[in-house]
Amino acid sequence: MIIQEYDDAWAIINKIDPDILNNDKNLLMQYYYLRGYLNVLDDGDLFDAVFDFNRILSELDTRGETIFTFLSFVGMGMVYAKQGDDSKSEYYFSKVFNNIYTMSIDDVSKIWRYINIIFYSAIYYSEKQDLETANALLNYGVKVCAENHVTYYIARIYAQLAMNENRVNGNNGKVQDYIDKALVFSEFNGNKKEIEVIKRWVKANNL
């Protein structure tokens, strides 16, 4: 999912019967959050995505004690952003933003999920033209990736930093530096989709 190979991700998740996960709440929440995100990111059924996130919020983690609640808040925010409902999308992203810098990371799996929250929150604020908030999140994402030796999201983070910098100051050395880093990490991680996105953006903006 991170490297946008959505067809492969769907092929895997469609083989899973959620009924066999009923005895493991964490695996069940992981299943629903991943399926919800795939529907949002791959232009799937947004009603199904809302159902998946609500399973977590209203049944599996009603007290909001796990990171899956925050992943679901981000997912719900993305759904409403896609529908153009600013008040509802902002409601969910604000719930995340108020806690994002204080969440604890106590195992490797949470690092991936934590960076997921940071990244998609930053994308939301970038699209809302709140670039100060977006860049603060993106730079925090770089810090978390560096401290935990995580590389998969870093290419997309640098690409978004380049786009935000270009929006404000036009083409400059910082934009080129971000693009170079994004391409290097994309190639390192075999993220062909991101390389295509970056090259299309570079060409469209005559960089």
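Preceding this section is the structure that the text describes.
Residues numbered from 1 in each chain as written. Predicted model: local features only at pLDDT ≥ 70, side-chain atom pairs only at ≥ 80, totals over all residues. Heavy atoms only, no water.

(A) Examining the overall build of the protein chain more closely. A tally of helices and strands in the protein chain yields 10 helices and 0 strands. Reading the protein chain from its N terminus to its C terminus gives the helix and strand order α-α-α-α-α-α-α-α-α-α. At 17 Å, the protein chain has a C-alpha radius of gyration in line with the 17 Å of a compact globule built from 207 residues. Once the C-alpha set of the protein chain is aligned to its principal axes, its extents read approximately 55 × 35 × 35 Å. Within the span of the protein chain, comprising 207 residues, buried residues form 49% of the whole. Sequence separation of at least 24 residues holds for 58% of the intrachain contacts in the protein chain that already meet a minimum separation of 6. Element-wise, carbon and sulfur atoms account for 49% of the exposed surface of the protein chain, whose accessible area totals about 10600 Å². Separation between the mean location of the 21 positive side-chain charges and that of the 29 negative ones in the protein chain comes to 2 Å. (Helix = DSSP H or I, 4+ residues; strand = E, 2+ residues; numbered from the N terminus. Rg over C-alpha atoms; globule rule 2.2 N^0.38 Å. Buried < 20%, exposed > 50% of the residue type's maximum accessible area, 1.4 Å probe, protein only. Contact = heavy atoms within 4.5 Å. Areas by Shrake-Rupley, 256 points an atom, 1.4 Å probe, with all protein chains shown as cover. Lys, Arg positive; Asp, Glu negative; His and termini not counted. Charge placed at Lys NZ, Arg CZ, Asp CG, Glu CD.)

(B) Helix α3 (residues 46-60), seen in detail. For α3, spanning 15 residues, the distance from its first C-alpha to its last is 20 Å, which sits close to the expected 21 Å at 1.5 Å a residue. Its axis deflected by about 30° at Asn54, α3 carries its strongest bend there. Inspection of α3 places Leu46, Ala49, Val50, Asp52, Phe53, Arg55, Ile56, Leu57 and Leu60 among the buried residues, and these make up the whole buried set. Buried residues along α3 sit in contact with α2 (25-41) and α4 (67-82). Where α3 begins, the capping side chain belongs to Asp45, and its oxygen is found 2.8 Å from the backbone nitrogen of Phe47. (Expected span 1.5 Å × (residues − 1). Bend = angle between axes of the 7 residues up to and from the residue. Polar contact = N/O pair within 3.5 Å; in protein donor to acceptor, adjacent residues only side chain to side chain.)

(C) Inspection of the packing of α2 against α4 at higher detail. At their nearest, the axes of α2 and α4 sit 10 Å apart, and the two run at 20° to each other. What the angle tells us is that α2 and α4 run roughly parallel. When you trace α2 past α4, the crossing you get is left-handed. Contact residues: α2 offers Asn26, Met29, Gln30, Tyr33, Tyr37, Val40 and Leu41, while α4 offers Phe68, Leu71, Val74, Gly75, Met78, Val79 and Lys82. Looking at the contact of α2 with α4 residue by residue, the classes come out as 10 nonpolar, 3 polar and 1 charged. (Axes fitted to C-alpha atoms, helices over the stretch in contact; angles between N-to-C directions. Parallel < 35°, antiparallel > 145°, perpendicular 65-115°, else oblique. Left-handed = near helix turned anticlockwise from the far one by under 90°. Nonpolar A, V, L, I, M, F, W, Y, C, P; charged D, E, K, R; others polar.)

(D) The arrangement of the packing of helix α9 (residues 173-188) against helix α10 (residues 192-204) in detail. Where α9 contacts α10, the two axes come as close as 9 Å, and the packing angle between them is 155°. Judged on the interaxial angle alone, α10 and α9 are roughly antiparallel. Our pair here, α9 against α10, has a crossing hand that is left-handed. Here Val175, Ile179, Ala182, Leu183, Ser186 and Glu187 of α9 come into contact with α10, specifically with Glu194, Ile195, Ile198, Trp201 and Val202. Classifying every residue of the contact of α9 with α10 gives 8 nonpolar, 1 polar and 2 charged.

(E) Structural context of the nonpolar core. One finds Tyr37, Val74, Tyr114, Ile117, Ile157 and Ile179 to be the most contacted residues of the largest nonpolar core, which totals 72 residues. The biggest single contributor to this core is helix α6 (residues 108-127), with 11 residues. The contact partners of Ile179, leaving out residues within four places of it in the chain, are Ala162, Ile198, Trp201 and Val202. (Core = buried A, V, L, I, M, F, W, Y, C linked by side-chain atoms within 4.5 Å.)

(F) View of the pattern of salt bridges. Counting across every chain of the model gives 10 salt bridges. The salt bridge involving Lys88 is made with Asp85; its shortest N-O contact spans 3.8 Å. Lys181 is the salt-bridge partner of Asp177, the closest N and O atoms lying 3.3 Å from each other. Here Lys181 and Asp177 lie together in helix α9, a separation of 4 residues that amounts to about one turn. (Salt bridge = Lys/Arg side-chain N within 4 Å of Asp/Glu carboxyl O.)

(G) Region of the structure containing the packing of aromatic side chains. Applying the stated criterion across every chain, the model contains 21 aromatic pairs. On the basis of an interplanar angle of 40° and a centroid distance of 6.1 Å, the ring pair of Phe73 and Tyr92 is categorised as tilted. Here Phe73 is found in helix α4, whereas its partner Tyr92 is found in helix α5 (residues 86-97), with 19 residues between them in sequence. Note on accessibility: Phe73 and Tyr92 belong to one class, buried. (Phe/Tyr/Trp six-rings, centres within 6.5 Å; stacked < 30°, edge-to-face > 60°.)

(H) Structural detail: the environment of Leu137. Relative to the helices and strands, Leu137 is located in helix α7 (residues 131-148). Sequence spacing of Leu137 and Ile100 is 37 residues, and the spatial spacing of their C-alpha atoms is 9.1 Å. Excluding residues within four positions of it along the chain, Leu137 makes contact with Phe97, Ile100, Tyr101, Ile118, Ser121, Ala122 and Tyr125.

What is shown is where atoms sit, not what they do.
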